[in-house]
Amino acid sequence: MKYIYFLITLFLISLLASVINPKEGFTCFLEIIPAIIGFLVLAFTFKKFRFTNFTYTLILIHCIILFIGGHYTYAEVPFFDYIKEIFHQSRNNYDKVGHFAQGLVPAMIIRELFIRKEVINNKSFFNFIIVSICLAISAAYEFIEWFVSLATGEGGDSFLGTQGYVWDTQSDMLFATIGAITALILFSKIQDKEIQQIDFEN
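Along each chain, residue indices are assigned from 1 in the same order as the chain's sequence is written. Given that this is a predicted model, residues contribute local features only at a pLDDT of at least 70 and side-chain atom pairs are listed and counted only at 80 or more, while totals for whole chains, interfaces and linings are drawn from all residues. Note that water and hydrogens are dropped before the side-chain values are worked out from all heavy atoms of the structure.

Enquirer: For the overall build of the chain, give the residues involved together with the corresponding values.
Expert: Tallying secondary structure elements over the chain gives eight helices and zero strands in all. Relative to the globule expectation of 17 Å for 202 residues, the C-alpha radius of gyration of the chain, 18 Å, shows essentially globular dimensions. On the principal axes, the C-alpha backbone points of the chain span a range of 50 × 35 × 35 Å. When a residue's accessible area, from a 1.4 Å probe over protein chains only, is under 20% of the maximum for its type it is buried; when over 50% it is exposed; and in between it is partly exposed. The buried share of the chain, taken over its 202 residues, is 42%. Only heavy atoms enter the contact rule, under which two residues are in contact if any of them lie within 4.5 Å. Across the chain, the fraction of contacts at a sequence separation of at least 24, relative to all contacts at a separation of at least 6, is 74%. Per element, the accessible surface of the chain, about 11,700 Å² overall, is 69% carbon and sulfur. Computed over 14 positive and 18 negative side-chain charges, the separation of the two mean positions in the chain equals 12 Å. Helix and strand assignments follow DSSP, with helices taken as H or I runs no shorter than four residues and strands as E runs no shorter than two, numbered in order from the N terminus. A radius of gyration in this sense is built from C-alpha atoms; the matching globule rule multiplies 2.2 Å by the number of residues raised to 0.38. With residues, only the protein chains shown are counted as cover, and all accessible areas are computed by Shrake-Rupley using a 1.4 Å probe. When charges are counted, neither His nor the chain ends are considered; positive counts come from Lys and Arg and negative counts from Asp and Glu. Charge placement uses NZ in Lys and CZ in Arg. For Asp and Glu, CG and CD serve respectively.

Given below as structure tokens:
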């Protein structure tokens, strides 16, 4: 539990830092609200289902990515402006980090749920289904961005964050898909070890 309290402390500190004098208040709210909702869901379901520490750590990293994007807006994160200049890029690409995480972290969440709740008995399509769900989540988020932009006009432009790139929506979903595949390739064995440890303790 000490590690969980440590993660919660980091979450709250990062959240507080993100809302202190943000670039655009409304955009900050839109960007951080998914992290806050996720935190509340995890808190209320903690006694019924506790994820592995590894998965919680990935969730925290994703939240921090959201908080940074909310504080500066995704189009104006300073370090990625620096990268933009160094590599002569046409836009600030911090949003691609966010969408990569949007695939990577949910993939690990879904994978752990599937394994521990024995959702899928046939393992042949196990990874395919996980990646497909992550892509669906990414597409749904693009729908939300689109709706918010239409509903709020200029107020939602920073949330949409296309920066004039015509293929922004498609590339966002691509990065989420790549993130999900990367997670399954790199982190499956690490997650399996922690899941086995939980099973052993139970």
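Enquirer: So what's going on with the environment of L42? Residues and values would help.
Expert: Considering the arrangement of structural elements, one finds L42 in helix α2 (residues 25-45). Spatially, the C-alpha atoms of L42 and Y56 are 9.4 Å apart, while their sequence positions differ by 14 residues. If near-sequence neighbours (up to four positions away) are discounted, L42 is found in contact with F51, Y56 and I59.

So yeah, pure geometry; function would need other evidence.
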